[in-house]
Amino acid sequence: SQQGEEDPQALSIQEGENATMNCSYKTSINNLQWYRQNSGRGLVHLILIRSNEREKHSGRLRVTLDTSKKSSSLLITASRAADTASYFCATVPSGSARQLTFGSGTQLTVLP
Amino acid sequence: SQTIHQWPATLVQPVGSPLSLECTVEGTSNPNLYWYRQAAGRGLQLLFYSVGIGQISSEVPQNLSASRPQDRQFILSSKKLLLSDSGFYLCAWGGQDSYEQYFGPGTRLTVT
């Protein structure tokens, strides 16, 4: 079953603007990850945040995690047309092996 | 560096025909291996995962099966395809001591 749910389902912004995507999940987790998928391609791992972390940065990406609200957000700053893709959150439930449970994704379109 | 291959890239098969999709990983040993299916515009559903040769766990009952005849080879099969088996199939690998997963380019399967 899909544990994570992304919000919004689709987001369209102008180049240079910031893009924020949110993810909610239902059970306690070991970690949460964000992946990117260009149309018709495989997924690319972007960033992992552990359950005891609240914020993490990687280049133009900023991820926050609020375990009390069971939610995470992904911020892409100064977006570029090349950032156009679908973005998925994926959780590893506490006590599980290394299986990921994916959300349904946010389709981001960055207009030049 | 590690690479993951999937083939074929696209496949059109009639209902009732058999299926064999192959995934191989290079540059790592004893990986965890995963098969996912993605319906159009949706997130990924985990089908099978394997922690070692001959060790297969199934996440959902279905018309498909998986095998791992070699350390870095993962095969997805069906004896008789159904229309509902259409989708985008992704193979992924992960380390035994890490949570990130790395995806292949995928196979687009259309059952007619």
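Look above for the structure.
Starting afresh in each chain, residues are numbered from 1 along the sequence in its written order. For naming, the first written chain is A and the first written ligand is 1, with later ones following in the order written. Per-residue local features are limited, in this predicted model, to residues with pLDDT of at least 70; the limit for side-chain atom pairs, both in listing and counting, is 80 or more; totals at the level of whole chains, interfaces and linings are taken over all residues. To obtain the side-chain values, all non-hydrogen atoms of the structure were included, while hydrogens and water were left out.

What follows deals with the overall build of chain A. From N to C terminus, chain A includes zero helices and eleven strands. Under the scheme used here, helices are H or I runs from DSSP no shorter than 4 residues and strands are E runs no shorter than 2 residues, and both carry numbers assigned from the N terminus. Ordered by position from N to C terminus, the α and β elements of chain A give β-β-β-β-β-β-β-β-β-β-β. Relative to the globule expectation of 13 Å for 112 residues, the C-alpha radius of gyration of chain A, 13 Å, shows essentially globular dimensions. Dimensions of chain A, computed from C-alpha atoms along their principal axes, come out at roughly 45 × 30 × 20 Å. Note on definitions: a residue-residue contact is assigned when non-hydrogen atoms from the two residues lie within 4.5 Å. Taking contacts inside chain A between residues at least 6 apart in sequence as the whole, the part at least 24 apart equals 56%. Here chain A contributes 12 positive and 9 negative side-chain charges, whose respective centroids are spaced 8 Å apart. Radius of gyration: C-alpha atoms only; globule rule: 2.2 Å multiplied by the number of residues to the exponent 0.38. Neither His nor the chain ends contribute to the count of charged residues, in which Lys and Arg are positive and Asp and Glu negative. For the purpose of locating charges, the reference atoms are NZ of Lys, CZ of Arg, CG of Asp and CD of Glu.

Residues and elements named next belong to chain A. Strand pairing is defined by DSSP finding a minimum of two bridges between the two strands. Ordered in space as β1-β3-β8-β7-β6, the five strands form an open sheet in which the pairing is antiparallel. Looking along the sheet, the strands with just one partner apiece sit at the ends: β1 (5-7) and β6 (55-58). Mean inter-strand twist for the sheet, computed between neighbouring axes without regard to direction, equals 20°. As judged from the three bridges shared by β1 and strand β3 (residues 19-24), these two strands associate in the antiparallel manner. Residue Glu-5 lies in a different strand from β3, and its bridge partner there is Ser-24. In this description, a line fitted to the C-alpha atoms serves as the axis of each element, helices being fitted only across the stretch in contact, and the angle between N-to-C directions of two axes falls anywhere from 0 to 180 degrees.

Okay, the environment of Trp-93 of chain B next. Residues and elements named next belong to chain B. Summarising the element assignment, Trp-93 is placed in strand β9 (residues 87-94). Relative accessibility under 20% of the residue-type maximum defines a buried residue, over 50% an exposed one, and the middle range a partly exposed one, all with a 1.4 Å probe and only protein chains included. When its relative accessible area of 8% is taken as the criterion, Trp-93 is described as buried. Considered as a pair, Trp-93 and Ile-4 are 89 residues apart in the sequence and their alpha carbons are 7.8 Å apart. What Trp-93 contacts, discounting residues up to four positions off in sequence, is Gln-2, Ile-4, Val-25, Thr-28, Pro-31, Asn-32, Leu-33, Tyr-34, Glu-100, Gln-101 and Tyr-102.

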